Amino acid sequence: MSTTATAASEQDLHARSPLGTEILRVESLTKHFPIRGGLFRRQVGAVQAVDDVSFAVRAGETVGLVGESGCGKSTTGRCIVRLLDPTDGQIYFKGVDLAGLTSRRMRELRREIQIMFQDPYASLNPRISVNEIIGEPLRIFGRYRGEHKGKERVAELMRLVGLNPEHGNRFPHEFSGGQRQRIGVARALALDPQLIILDEPVSALDVSIQAQVINLLDELQERLGLAYLFIAHDLSVVRHLCDRVAVMYLGKIVEFGTKHEIFDNPTHPYTQALLSAVPITDPRMRGKRERIMLEGDVPSPSNPPSGCRFRTRCWKAEEICATEVPELTDRFGHGHPSACHFAEPRAVLRVDPS
Amino acid sequence: MTDQGRPTRREHGLQTPADFPPTHASDVHDEREVLLDDDYSDGAQIEARSQWQLFRRKFLRHKLAMGSLVFLVIIGIGAFFAEQLAPYGYEEIDVLRANTAPTFEGLHFFGTDQLGRDYFSRVLYGTRTSLQVAVVVALLSTAIGTAVGAAAGFYRGWVDSVLMRLTDLVLILPGLAVLLVAAALFGQGSPLRIALILALLFWVSLARVVRGVFLSLREMEYVQAARASGASDLRIMFRHMLPNTIGPIIVNLTLVLASAILVEATLAFLGFGVNPPIPALGRLISDGRSSMQSMWWLIIMPGVTLVSIALAINFVGDGLRDGLDPTQQET
């Protein structure tokens, strides 16, 4: 229990941290899924879903985690709430390593870190009413009965997310996608957490409904001082909501920085390619911006390329990329680490009107 | 963080689809009023519909299931109170009235057999025996099957391997042969013992079904969400997974109920069922077989009883399944 000795006391863990102080630190998080084969189901390989990922989240801020499908964003999120057990690495919540906690101690800390899921249809149990869905975390932690007034708390939560508390007796299928995501938000908020992992919370919604849910999340953050880890692949949404952004490719973070650094000053070729694919809303500007087209497909995470994982699709790749793994370090003194041997800023989003 | 604090949040203007006028709590409220089709804000009380109420309403509208349920209840009451209701005892011999076809005279609704025993009374007692056996088999095998399947599907790994190999083992046994041997060894007696033997063979199919459903449910996001909320294994199983497995379980229960009646009848027919003095439907059919050409009622009466009970159980199962699915719309 050496980690807890240096960590904050129990009281501090559940107390709110002042805005801006670090509450979550992920260090060299690694998650490999074994591939079993052969007669005795021996491990013959591993899908390296997340490999040596490190970042931190501060109280009250939103950190975005972006990347293509299958790059390990969601796996990272699920490791943090211990829905998956990390293969290696540490996850410190206010100094306590979650990765090493027993399930009993982890249960205690779950109320501080909640997760919200992508699919508004699969994330709510169709058999129980909305009241019970939102009230369940309260019941689990013994905050429903008696003086806790769980019923009133549930109504309060429903009002908080813009739902009519009178509809609490209804079942999930009686709600629309956006309303269901609101229910998901209410459930995540029930225990008054400090950090919420948002696992693509709006990807499954219509664009107009996305806006409502995002504005709701934004407001709640301001009101309740929540920290978000926002997992998404929609860059415009990330730009709207996030303070800092981590870009992932094939299980690794390739670039990490403030929203402005990432969007205005991307240095990693992958980030640049990703950003150049963002659609331009102004029709007059269409076709005037250079587009970076990547060749080929994402390599298999069970057999990633040596050295830099992006080198197989990178137009800058040279020999060193195959032999040496580029470190994720601050290369330009902007406080904006980038994992590329040939990192250089390039304003791909800027459009030259001439 | 301070340098790009809140004020700069929306500075990117029209780039984002999310850029509708800023919403405030009150706006959210208003928009909700529009979003929901029916508005109860004028003070009308909404009727809180519990899952039980929903189920009851749907089930009551299922005419075939309701009719079958009524039929089963009547049969059940008749069988349960056989001693009070039967006009004669099942062993009461009246040689003078032997071989009577069904008649209202002397209340021999189903006629009499070669010894002059009242066949209606015998069928009534026989139904009681068969139902007793079937109900015990159904409940017991459902309990075993659900427990085994749930444990295997939830914990996976070696628990799954052990339990499923056990299931396979039971599954490959030649059912009838084992039943006959087991009945010969321990059976030949009380309905309860027959029921136990049957239950130990009947749980396998349900175990596999429940395992399959659990395997898919445990990856559902709502199960993950419950886990992330700190729910215990038992809570996840009983609150989130079992209720979503109830459909297959109910269907299986009714299937087992119906087939247990039939298998018990088969056993009795082959002479390995409940001890001879106590009538069972299968034994009645078996005994009546020899003179079925001249005395049709000896086969038809218990046979029709058997088939209609099995059918009615299946209809009730249909109704239960439809009623228990909250996503199914009422029509």
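Just so you know, these numbers come straight off a predicted model, no measurement behind them.

A. Representation of the overall build of chain A within the structure. Tallying secondary structure elements over chain A gives twelve helices and twelve strands in all. In summary, chain A has a C-alpha radius of gyration of 21 Å against a globular reference of 20 Å for 354 residues, a match within 12%. For chain A, the spread of C-alpha atoms along the principal axes amounts to about 65 × 55 × 45 Å. The buried share among the 354 residues of chain A stands at 48%.

B. Local environment of the packing of helix H5 (residues 119-155) of chain B against helix H8 (residues 191-217) of chain B. All names here are of chain B. Two numbers describe how H5 lies on H8: the axes approach to 5 Å, and their chain directions differ by 35°. Considering the relative orientation of H5 and H8, their crossing is right-handed. Grouping the amino acids of the contact of H5 with H8 by side-chain chemistry returns 24 nonpolar, eight polar and two charged.

C. Main features of unusual backbone geometry. Residues and elements named next belong to chain A. Backbone geometry places Asp-52, a non-glycine residue, at a positive phi of 55°. Residue placement: Asp-52 occurs in strand E2 (residues 42-58). On the basis of neighbour count, Asp-52 is assigned to the partly exposed category, with 16 C-beta atoms found within 10 Å. The phi dihedral of Glu-200 falls on the positive side, at around 50°, and the residue is not glycine. Structurally, the position occupied by Glu-200 is in the loop between strand E7 (195-199) and helix H8 (207-224).

D. Representation of the nonpolar core. Counting 168 residues, the largest nonpolar core has Leu-229, Phe-230 and Val-247 of chain A together with Val-137 and Ala-260 of chain B as its most contacted members. Once residues lying within four places of it in the same chain are set aside, the contact partners of Leu-229 of chain A are Val-57, Val-63, Leu-65, Gly-77, Leu-195, Ile-197 and Leu-198 of chain A.

E. Up close: the environment of Leu-253 of chain B. All names here are of chain B. By secondary structure assignment, the location of Leu-253 is in helix H11 (residues 246-269). Leu-253 sits in the buried class, given 21 other C-beta atoms within 10 Å. Placed 116 residues apart in sequence, Leu-253 and Val-137 show a C-alpha to C-alpha distance of 9.5 Å.

F. Just the environment of Gly-271 of chain B, in detail. Among the secondary structure elements, Gly-271 of chain B is positioned in the loop between H11 and helix H12 (281-288). For Gly-271 of chain B and Ala-183 of chain B, which are 88 residues apart along the polypeptide, the C-alpha to C-alpha distance reads 9.7 Å.

About the thresholds
Residues numbered from 1 in each chain as written. Chains lettered and ligands numbered in written order. Predicted model: local features only at pLDDT ≥ 70, side-chain atom pairs only at ≥ 80, totals over all residues. Helix = DSSP H or I, 4+ residues; strand = E, 2+ residues; numbered from the N terminus. Rg over C-alpha atoms; globule rule 2.2 N^0.38 Å. Buried ≥ 20, exposed ≤ 12 C-beta atoms within 10 Å, placed from the backbone. Axes fitted to C-alpha atoms, helices over the stretch in contact; angles between N-to-C directions. Left-handed = near helix turned anticlockwise from the far one by under 90°. Nonpolar A, V, L, I, M, F, W, Y, C, P; charged D, E, K, R; others polar. Core = buried A, V, L, I, M, F, W, Y, C linked by C-beta atoms within 7 Å. Contact = placed C-beta atoms within 7 Å.

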